[in-house]
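Working through the structure, step by step
Given next are the chains, with one letter for each unit.
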There are 2 protein chains.
Amino acid sequence: MSRVRVHCFSVSLDGFATGVGQALDAPFGHAGGRLLEWFAATRTFRRIHGESGGNTGTDDAFAAGWEPGIGADIMGRNMFGPQRGPWADREWKGWWGDVPPYHNPVFVLTHYPRPSIEMQGGTTFRFIDGGPEVALKMAQETAGDLDVRIGGGPSTIRQFLAADLIDYLQITIVPIVLGRGERLWDGMEDLERRFSVESVTTPCGVTHLTFNRAR
Amino acid sequence: MSRVRVHCFSVSLDGFATGVGQALDAPFGHAGGRLLEWFAATRTFRRIHGESGGNTGTDDAFAAGWEPGIGADIMGRNMFGPQRGPWADREWKGWWGDVPPYHNPVFVLTHYPRPSIEMQGGTTFRFIDGGPEVALKMAQETAGDLDVRIGGGPSTIRQFLAADLIDYLQITIVPIVLGRGERLWDGMEDLERRFSVESVTTPCGVTHLTFNRAR
(Lines give C-alpha, C1' and ligand atoms only; values in the text may rest on other atoms or scores of the structure.)
Protein backbone atom coordinates (compact mmCIF):
# COMPACT_ATOMS: atom_id res chain seq x y z
CA MET A 1 0.00 0.00 0.00
CA SER A 2 1.23 3.47 -0.86
CA ARG A 3 2.82 5.31 2.05
CA VAL A 4 3.53 8.95 2.79
CA ARG A 5 7.17 9.49 3.70
CA VAL A 6 9.50 12.23 4.88
CA HIS A 7 13.26 11.67 4.62
CA CYS A 8 16.38 13.49 5.72
CA PHE A 9 14.53 16.37 7.32
CA SER A 10 17.06 18.17 9.49
CA VAL A 11 16.44 20.31 12.55
CA SER A 12 18.71 22.10 15.00
CA LEU A 13 18.78 21.30 18.73
CA ASP A 14 16.27 24.09 19.22
CA GLY A 15 13.98 22.57 16.61
CA PHE A 16 14.47 24.98 13.73
CA ALA A 17 14.33 23.41 10.27
CA THR A 18 15.30 26.63 8.53
CA GLY A 19 16.77 29.96 9.61
CA VAL A 20 15.63 33.49 8.87
CA GLY A 21 16.44 35.53 5.77
CA GLN A 22 15.79 33.07 2.95
CA ALA A 23 17.15 34.43 -0.34
CA LEU A 24 18.14 33.19 -3.78
CA ASP A 25 21.60 32.32 -2.55
CA ALA A 26 20.47 31.22 0.93
CA PRO A 27 17.68 28.64 0.82
CA PHE A 28 18.02 28.08 4.59
CA GLY A 29 18.60 31.73 5.50
CA HIS A 30 21.14 32.36 8.25
CA ALA A 31 21.42 28.61 8.85
CA GLY A 32 23.51 28.41 5.68
CA GLY A 33 24.42 24.85 4.78
CA ARG A 34 24.79 23.66 8.37
CA LEU A 35 21.55 21.68 8.58
CA LEU A 36 22.37 19.64 5.49
CA GLU A 37 26.12 19.17 5.88
CA TRP A 38 25.69 15.56 6.97
CA PHE A 39 23.45 14.84 3.94
CA ALA A 40 25.66 16.67 1.41
CA ALA A 41 28.63 14.56 2.52
CA THR A 42 26.97 11.28 1.60
CA ARG A 43 27.52 9.27 -1.56
CA THR A 44 23.75 9.20 -2.17
CA PHE A 45 23.40 12.98 -2.09
CA ARG A 46 26.38 13.43 -4.38
CA ARG A 47 25.14 10.82 -6.84
CA ILE A 48 21.63 12.33 -6.87
CA HIS A 49 23.21 15.66 -7.77
CA GLY A 50 25.44 14.21 -10.47
CA GLU A 51 28.64 14.13 -8.46
CA SER A 52 30.92 11.29 -7.41
CA GLY A 53 32.46 10.43 -4.05
CA GLY A 54 30.89 10.89 -0.64
CA ASN A 55 30.82 8.72 2.45
CA THR A 56 28.99 5.41 2.64
CA GLY A 57 28.53 5.03 6.40
CA THR A 58 25.45 5.28 8.57
CA ASP A 59 24.55 8.76 7.34
CA ASP A 60 24.48 7.41 3.81
CA ALA A 61 22.21 4.57 4.89
CA PHE A 62 19.66 7.21 5.92
CA ALA A 63 20.32 9.35 2.86
CA ALA A 64 19.72 6.32 0.64
CA GLY A 65 16.19 6.00 1.98
CA TRP A 66 15.27 9.27 0.29
CA GLU A 67 15.06 7.91 -3.22
CA PRO A 68 13.52 4.51 -3.88
CA GLY A 69 9.85 3.84 -4.43
CA ILE A 70 8.63 7.42 -4.77
CA GLY A 71 5.99 8.30 -7.38
CA ALA A 72 5.23 11.92 -6.50
CA ASP A 73 6.49 14.72 -4.26
CA ILE A 74 4.77 17.47 -2.33
CA MET A 75 6.51 20.60 -1.09
CA GLY A 76 5.62 24.03 0.20
CA ARG A 77 6.37 26.98 -2.03
CA ASN A 78 9.09 28.25 0.32
CA MET A 79 10.95 25.06 -0.41
CA PHE A 80 10.54 25.72 -4.13
CA GLY A 81 11.90 29.24 -3.92
CA PRO A 82 12.29 32.45 -1.93
CA GLN A 83 9.43 34.37 -3.55
CA ARG A 84 6.36 35.21 -1.48
CA GLY A 85 2.96 36.33 -2.72
CA PRO A 86 2.20 36.55 -6.47
CA TRP A 87 4.96 35.13 -8.68
CA ALA A 88 7.01 38.14 -9.78
CA ASP A 89 9.84 36.11 -11.27
CA ARG A 90 8.50 33.39 -13.57
CA GLU A 91 11.97 32.37 -14.67
CA TRP A 92 12.74 30.79 -11.30
CA LYS A 93 12.59 27.02 -11.59
CA GLY A 94 13.68 25.88 -8.13
CA TRP A 95 17.02 25.46 -6.40
CA TRP A 96 17.93 22.27 -8.24
CA GLY A 97 19.19 23.34 -11.70
CA ASP A 98 17.98 22.00 -15.05
CA VAL A 99 17.69 18.39 -13.89
CA PRO A 100 16.06 18.30 -10.43
CA PRO A 101 16.57 15.12 -8.42
CA TYR A 102 12.87 14.27 -8.22
CA HIS A 103 12.20 12.61 -11.62
CA ASN A 104 8.44 12.60 -11.03
CA PRO A 105 5.65 15.12 -10.55
CA VAL A 106 6.27 17.56 -7.69
CA PHE A 107 3.19 19.28 -6.28
CA VAL A 108 4.08 22.74 -4.99
CA LEU A 109 1.55 24.15 -2.50
CA THR A 110 0.77 27.78 -3.22
CA HIS A 111 -2.12 30.21 -3.01
CA TYR A 112 -0.99 31.48 -6.44
CA PRO A 113 -1.39 28.65 -8.95
CA ARG A 114 0.50 28.97 -12.23
CA PRO A 115 1.22 26.73 -15.23
CA SER A 116 3.30 23.62 -14.64
CA ILE A 117 7.02 23.63 -15.36
CA GLU A 118 8.41 20.59 -17.10
CA MET A 119 12.05 20.02 -16.30
CA GLN A 120 14.60 17.62 -17.73
CA GLY A 121 14.76 14.15 -16.24
CA GLY A 122 11.07 13.65 -15.56
CA THR A 123 10.44 16.29 -12.90
CA THR A 124 7.33 18.42 -13.43
CA PHE A 125 6.52 21.17 -10.96
CA ARG A 126 2.75 21.46 -10.58
CA PHE A 127 1.42 24.39 -8.59
CA ILE A 128 -1.73 23.71 -6.63
CA ASP A 129 -3.82 25.66 -4.14
CA GLY A 130 -5.19 23.26 -1.57
CA GLY A 131 -4.76 21.79 1.89
CA PRO A 132 -2.81 18.65 2.71
CA GLU A 133 -5.69 16.28 2.00
CA VAL A 134 -6.32 17.71 -1.47
CA ALA A 135 -2.64 17.76 -2.35
CA LEU A 136 -2.15 14.22 -1.12
CA LYS A 137 -5.10 12.92 -3.10
CA MET A 138 -3.67 14.41 -6.29
CA ALA A 139 -0.19 13.10 -5.51
CA GLN A 140 -1.44 9.62 -4.72
CA GLU A 141 -3.47 9.46 -7.92
CA THR A 142 -0.27 10.30 -9.77
CA ALA A 143 1.93 7.96 -7.75
CA GLY A 144 -0.26 4.88 -8.05
CA ASP A 145 1.27 2.08 -6.00
CA LEU A 146 4.38 4.11 -5.31
CA ASP A 147 4.87 6.30 -2.23
CA VAL A 148 4.45 10.04 -1.85
CA ARG A 149 7.34 12.02 -0.40
CA ILE A 150 6.73 15.22 1.55
CA GLY A 151 9.78 17.44 1.19
CA GLY A 152 9.22 20.42 3.45
CA GLY A 153 9.56 23.03 4.68
CA PRO A 154 8.59 22.83 8.33
CA SER A 155 5.14 24.38 7.97
CA THR A 156 4.25 21.86 5.26
CA ILE A 157 5.45 18.96 7.42
CA ARG A 158 3.49 20.32 10.36
CA GLN A 159 0.31 20.57 8.28
CA PHE A 160 0.63 16.96 7.17
CA LEU A 161 1.45 15.75 10.68
CA ALA A 162 -1.48 17.69 12.13
CA ALA A 163 -3.75 15.97 9.60
CA ASP A 164 -2.15 12.63 10.56
CA LEU A 165 -1.22 11.91 6.95
CA ILE A 166 2.41 10.87 7.43
CA ASP A 167 3.36 7.20 7.77
CA TYR A 168 7.13 7.53 7.99
CA LEU A 169 9.07 10.52 9.24
CA GLN A 170 12.85 10.57 9.32
CA ILE A 171 14.23 13.54 11.24
CA THR A 172 17.88 14.35 11.74
CA ILE A 173 18.95 16.43 14.74
CA VAL A 174 22.02 18.51 14.02
CA PRO A 175 23.88 19.60 17.19
CA ILE A 176 23.73 23.34 16.56
CA VAL A 177 21.57 26.05 18.12
CA LEU A 178 20.08 28.23 15.36
CA GLY A 179 18.21 30.58 17.68
CA ARG A 180 15.86 31.88 14.98
CA GLY A 181 13.84 30.48 12.11
CA GLU A 182 10.90 28.19 11.63
CA ARG A 183 10.27 25.42 14.13
CA LEU A 184 9.27 21.90 13.22
CA TRP A 185 7.75 20.73 16.50
CA ASP A 186 5.33 23.56 17.30
CA GLY A 187 1.81 22.28 17.91
CA MET A 188 3.00 18.65 17.84
CA GLU A 189 2.51 17.80 21.54
CA ASP A 190 2.53 14.04 22.15
CA LEU A 191 3.43 13.34 18.52
CA GLU A 192 5.52 10.36 19.66
CA ARG A 193 2.39 8.54 20.84
CA ARG A 194 1.24 8.07 17.24
CA PHE A 195 4.56 6.58 16.15
CA SER A 196 7.14 4.01 16.99
CA VAL A 197 10.34 6.02 17.45
CA GLU A 198 13.97 4.93 17.08
CA SER A 199 17.15 7.01 17.34
CA VAL A 200 20.76 6.55 16.32
CA THR A 201 23.71 8.90 16.49
CA THR A 202 26.47 8.80 13.89
CA PRO A 203 30.14 9.77 14.16
CA CYS A 204 29.55 13.20 12.60
CA GLY A 205 27.41 14.02 15.64
CA VAL A 206 23.92 14.05 14.18
CA THR A 207 21.08 11.91 15.52
CA HIS A 208 18.74 10.23 13.07
CA LEU A 209 15.24 9.54 14.35
CA THR A 210 12.69 7.40 12.58
CA PHE A 211 8.99 7.77 13.32
CA ASN A 212 6.96 4.87 11.96
CA ARG A 213 3.21 5.05 12.28
CA ALA A 214 2.18 2.90 15.25
CA ARG A 215 -0.08 -0.03 14.33
CA MET B 1 41.08 23.70 38.62
CA SER B 2 37.49 23.84 39.79
CA ARG B 3 34.95 23.46 37.00
CA VAL B 4 31.28 24.30 36.64
CA ARG B 5 29.27 21.31 35.50
CA VAL B 6 25.74 20.38 34.48
CA HIS B 7 24.79 16.70 34.38
CA CYS B 8 21.78 14.68 33.25
CA PHE B 9 19.78 17.69 32.17
CA SER B 10 16.95 16.33 30.04
CA VAL B 11 15.00 18.09 27.30
CA SER B 12 12.28 17.01 24.92
CA LEU B 13 12.68 17.09 21.13
CA ASP B 14 11.10 20.51 21.17
CA GLY B 15 13.60 21.71 23.75
CA PHE B 16 11.43 21.85 26.86
CA ALA B 17 13.19 20.96 30.11
CA THR B 18 10.00 21.12 32.13
CA GLY B 19 6.30 21.19 31.36
CA VAL B 20 3.59 23.51 32.60
CA GLY B 21 1.65 23.19 35.84
CA GLN B 22 4.37 22.49 38.38
CA ALA B 23 2.85 21.37 41.70
CA LEU B 24 3.85 19.58 44.88
CA ASP B 25 3.17 16.22 43.27
CA ALA B 26 4.36 17.24 39.80
CA PRO B 27 7.84 18.80 39.81
CA PHE B 28 7.91 18.72 36.00
CA GLY B 29 4.28 19.72 35.48
CA HIS B 30 2.47 17.97 32.64
CA ALA B 31 5.73 16.32 31.57
CA GLY B 32 5.32 13.96 34.51
CA GLY B 33 8.28 11.63 34.89
CA ARG B 34 8.95 11.28 31.18
CA LEU B 35 12.03 13.48 31.00
CA LEU B 36 13.82 11.57 33.75
CA GLU B 37 12.71 8.01 33.00
CA TRP B 38 16.10 7.13 31.54
CA PHE B 39 17.88 8.53 34.64
CA ALA B 40 15.52 6.93 37.16
CA ALA B 41 16.18 3.53 35.58
CA THR B 42 19.92 3.65 36.24
CA ARG B 43 21.77 1.99 39.08
CA THR B 44 23.39 5.33 39.96
CA PHE B 45 20.09 7.13 40.38
CA ARG B 46 18.66 4.32 42.45
CA ARG B 47 21.72 4.13 44.67
CA ILE B 48 21.75 7.92 45.16
CA HIS B 49 18.14 7.68 46.32
CA GLY B 50 18.77 4.76 48.64
CA GLU B 51 17.40 2.05 46.39
CA SER B 52 19.00 -1.02 44.86
CA GLY B 53 18.95 -2.36 41.32
CA GLY B 54 18.90 -0.34 38.12
CA ASN B 55 20.66 -0.76 34.80
CA THR B 56 24.40 -0.34 34.37
CA GLY B 57 24.66 0.37 30.63
CA THR B 58 25.47 3.56 28.74
CA ASP B 59 22.74 5.58 30.45
CA ASP B 60 24.28 4.70 33.79
CA ALA B 61 27.69 5.80 32.55
CA PHE B 62 26.22 9.27 32.06
CA ALA B 63 24.24 9.14 35.29
CA ALA B 64 27.41 8.26 37.17
CA GLY B 65 29.00 11.53 36.08
CA TRP B 66 26.51 13.42 38.22
CA GLU B 67 28.11 12.66 41.56
CA PRO B 68 31.89 12.67 41.95
CA GLY B 69 34.00 15.72 42.66
CA ILE B 70 31.24 18.17 43.55
CA GLY B 71 31.69 20.61 46.44
CA ALA B 72 28.62 22.82 46.04
CA ASP B 73 25.38 23.01 44.06
CA ILE B 74 23.40 25.88 42.63
CA MET B 75 19.76 25.64 41.63
CA GLY B 76 16.88 27.95 40.82
CA ARG B 77 14.07 28.16 43.33
CA ASN B 78 11.64 26.43 40.96
CA MET B 79 13.87 23.40 41.15
CA PHE B 80 13.72 23.61 44.93
CA GLY B 81 9.94 23.76 45.04
CA PRO B 82 6.71 24.86 43.41
CA GLN B 83 6.20 28.03 45.48
CA ARG B 84 6.51 31.41 43.77
CA GLY B 85 6.96 34.81 45.40
CA PRO B 86 7.32 35.11 49.20
CA TRP B 87 7.69 31.78 50.97
CA ALA B 88 4.21 30.95 52.29
CA ASP B 89 5.04 27.39 53.29
CA ARG B 90 8.25 27.32 55.34
CA GLU B 91 7.88 23.62 56.03
CA TRP B 92 8.77 22.70 52.46
CA LYS B 93 12.30 21.34 52.30
CA GLY B 94 12.64 20.33 48.65
CA TRP B 95 11.56 17.31 46.64
CA TRP B 96 14.24 15.03 48.03
CA GLY B 97 13.04 13.90 51.46
CA ASP B 98 15.00 14.07 54.72
CA VAL B 99 18.32 13.07 53.15
CA PRO B 100 18.77 14.94 49.86
CA PRO B 101 21.33 13.47 47.45
CA TYR B 102 23.58 16.54 47.44
CA HIS B 103 25.61 16.10 50.64
CA ASN B 104 27.06 19.60 50.37
CA PRO B 105 25.84 23.21 50.40
CA VAL B 106 23.14 23.91 47.82
CA PHE B 107 22.69 27.55 46.87
CA VAL B 108 19.08 28.24 45.94
CA LEU B 109 18.60 31.40 43.85
CA THR B 110 15.65 33.43 45.04
CA HIS B 111 14.56 37.03 45.36
CA TYR B 112 13.21 36.08 48.81
CA PRO B 113 16.16 35.05 51.00
CA ARG B 114 15.37 33.07 54.13
CA PRO B 115 17.36 31.18 56.77
CA SER B 116 19.33 28.15 55.65
CA ILE B 117 17.89 24.68 56.07
CA GLU B 118 20.26 22.04 57.32
CA MET B 119 19.27 18.57 56.17
CA GLN B 120 20.56 15.15 57.10
CA GLY B 121 23.55 13.83 55.19
CA GLY B 122 25.43 17.09 54.76
CA THR B 123 23.05 19.00 52.50
CA THR B 124 22.39 22.60 53.52
CA PHE B 125 19.99 24.70 51.46
CA ARG B 126 21.20 28.29 51.42
CA PHE B 127 18.89 30.89 49.91
CA ILE B 128 20.62 33.74 48.14
CA ASP B 129 19.49 36.70 46.07
CA GLY B 130 22.03 37.33 43.35
CA GLY B 131 22.93 36.79 39.71
CA PRO B 132 24.95 33.87 38.38
CA GLU B 133 28.34 35.50 39.03
CA VAL B 134 27.54 36.22 42.68
CA ALA B 135 26.10 32.77 43.25
CA LEU B 136 29.05 31.08 41.58
CA LYS B 137 31.57 33.04 43.63
CA MET B 138 29.88 31.93 46.84
CA ALA B 139 29.62 28.34 45.63
CA GLN B 140 33.25 28.22 44.55
CA GLU B 141 34.45 29.62 47.86
CA THR B 142 32.56 26.82 49.54
CA ALA B 143 33.64 24.14 47.09
CA GLY B 144 37.36 24.92 47.19
CA ASP B 145 39.13 22.67 44.70
CA LEU B 146 35.98 20.70 44.01
CA ASP B 147 33.57 21.46 41.19
CA VAL B 148 30.28 23.34 41.28
CA ARG B 149 27.21 21.65 39.87
CA ILE B 150 24.37 23.67 38.36
CA GLY B 151 21.17 21.70 38.71
CA GLY B 152 18.50 23.66 36.90
CA GLY B 153 15.86 24.52 35.98
CA PRO B 154 16.16 25.74 32.43
CA SER B 155 16.16 29.45 33.22
CA THR B 156 19.01 28.97 35.67
CA ILE B 157 21.02 26.99 33.11
CA ARG B 158 20.33 29.66 30.50
CA GLN B 159 21.53 32.42 32.84
CA PHE B 160 24.78 30.60 33.49
CA LEU B 161 25.29 29.80 29.81
CA ALA B 162 24.58 33.40 28.84
CA ALA B 163 27.24 34.51 31.31
CA ASP B 164 29.58 31.86 29.84
CA LEU B 165 30.15 30.30 33.25
CA ILE B 166 29.62 26.64 32.37
CA ASP B 167 32.57 24.38 31.51
CA TYR B 168 30.76 21.10 31.04
CA LEU B 169 27.14 20.63 30.00
CA GLN B 170 25.58 17.20 29.61
CA ILE B 171 22.18 17.33 27.98
CA THR B 172 19.94 14.36 27.28
CA ILE B 173 17.39 14.56 24.49
CA VAL B 174 14.30 12.47 25.21
CA PRO B 175 12.33 11.58 22.06
CA ILE B 176 9.03 13.08 23.15
CA VAL B 177 7.28 16.30 22.09
CA LEU B 178 6.12 18.18 25.19
CA GLY B 179 4.53 21.06 23.34
CA ARG B 180 4.49 23.41 26.35
CA GLY B 181 6.78 24.36 29.17
CA GLU B 182 10.09 26.11 29.60
CA ARG B 183 12.68 25.91 26.84
CA LEU B 184 16.36 25.34 27.41
CA TRP B 185 17.77 26.67 24.14
CA ASP B 186 16.09 30.08 23.88
CA GLY B 187 18.61 32.86 23.40
CA MET B 188 21.45 30.36 22.94
CA GLU B 189 22.14 30.93 19.23
CA ASP B 190 25.52 29.53 18.17
CA LEU B 191 26.08 27.99 21.61
CA GLU B 192 27.88 25.07 19.95
CA ARG B 193 30.70 27.36 18.83
CA ARG B 194 31.88 27.79 22.42
CA PHE B 195 31.99 24.05 23.05
CA SER B 196 33.26 20.79 21.70
CA VAL B 197 30.11 18.70 21.23
CA GLU B 198 29.69 14.92 21.17
CA SER B 199 26.49 12.85 20.93
CA VAL B 200 25.55 9.25 21.58
CA THR B 201 22.22 7.49 21.48
CA THR B 202 21.41 4.62 23.83
CA PRO B 203 19.05 1.68 23.38
CA CYS B 204 16.27 3.36 25.39
CA GLY B 205 16.14 5.99 22.64
CA VAL B 206 17.62 9.03 24.35
CA THR B 207 20.60 10.94 23.00
CA HIS B 208 23.25 12.15 25.41
CA LEU B 209 25.18 15.24 24.34
CA THR B 210 28.31 16.51 26.03
CA PHE B 211 29.35 20.11 25.63
CA ASN B 212 32.92 20.69 26.79
CA ARG B 213 34.23 24.24 26.80
CA ALA B 214 36.38 24.71 23.68
CA ARG B 215 40.00 25.52 24.43
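Scroll up a little and you will see the structure.
Residues numbered from 1 in each chain as written. Chains lettered and ligands numbered in written order. Predicted model: local features only at pLDDT ≥ 70, side-chain atom pairs only at ≥ 80, totals over all residues. Heavy atoms only, no water.

**Considerations on the overall build of chain A**
Along chain A, the regular secondary structure elements total six helices and 11 strands. Relative to the globule expectation of 17 Å for 215 residues, the C-alpha radius of gyration of chain A, 16 Å, shows essentially globular dimensions. Each of the three principal axes of chain A carries a C-alpha extent, and together these read 45 × 40 × 35 Å. The buried share of chain A, taken over its 215 residues, is 53%. Residue pairs in contact within chain A that sit at least 24 positions apart in sequence constitute 64% of those at least 6 positions apart. About 9300 Å² of surface is accessible on chain A, with carbon and sulfur atoms providing 51% of the total. (Helix = DSSP H or I, 4+ residues; strand = E, 2+ residues; numbered from the N terminus. Rg over C-alpha atoms; globule rule 2.2 N^0.38 Å. Buried < 20%, exposed > 50% of the residue type's maximum accessible area, 1.4 Å probe, protein only. Contact = heavy atoms within 4.5 Å. Areas by Shrake-Rupley, 256 points an atom, 1.4 Å probe, with all protein chains shown as cover.)

**Details of the packing of aromatic side chains**
All names here are of chain A. With the rule as written, the count across this model stands at 24 aromatic pairs over all chains. Both rings, one in Trp96 and one in Tyr102, keep their centres 5.3 Å apart while their planes meet at 80°; by these two values the pair is edge-to-face. We classify Tyr102 as buried; its relative accessible area is 6%. What links up through ring pairs into an aromatic cluster is the set Trp66, Phe80, Trp87, Trp96, Tyr102, Phe125 and Phe127. Seen from the ring of Trp87, Arg114 lies directly overhead, with NZ or CZ sitting 4.6 Å from the centre. Taking NZ or CZ as reference, Arg114 lies 4.7 Å from the ring centre of Phe127, over its face. (Phe/Tyr/Trp six-rings, centres within 6.5 Å; stacked < 30°, edge-to-face > 60°. Lys NZ or Arg CZ within 6 Å of the ring centre and 35° of its normal.)

In short, shape yes, function no, at least from these values alone.
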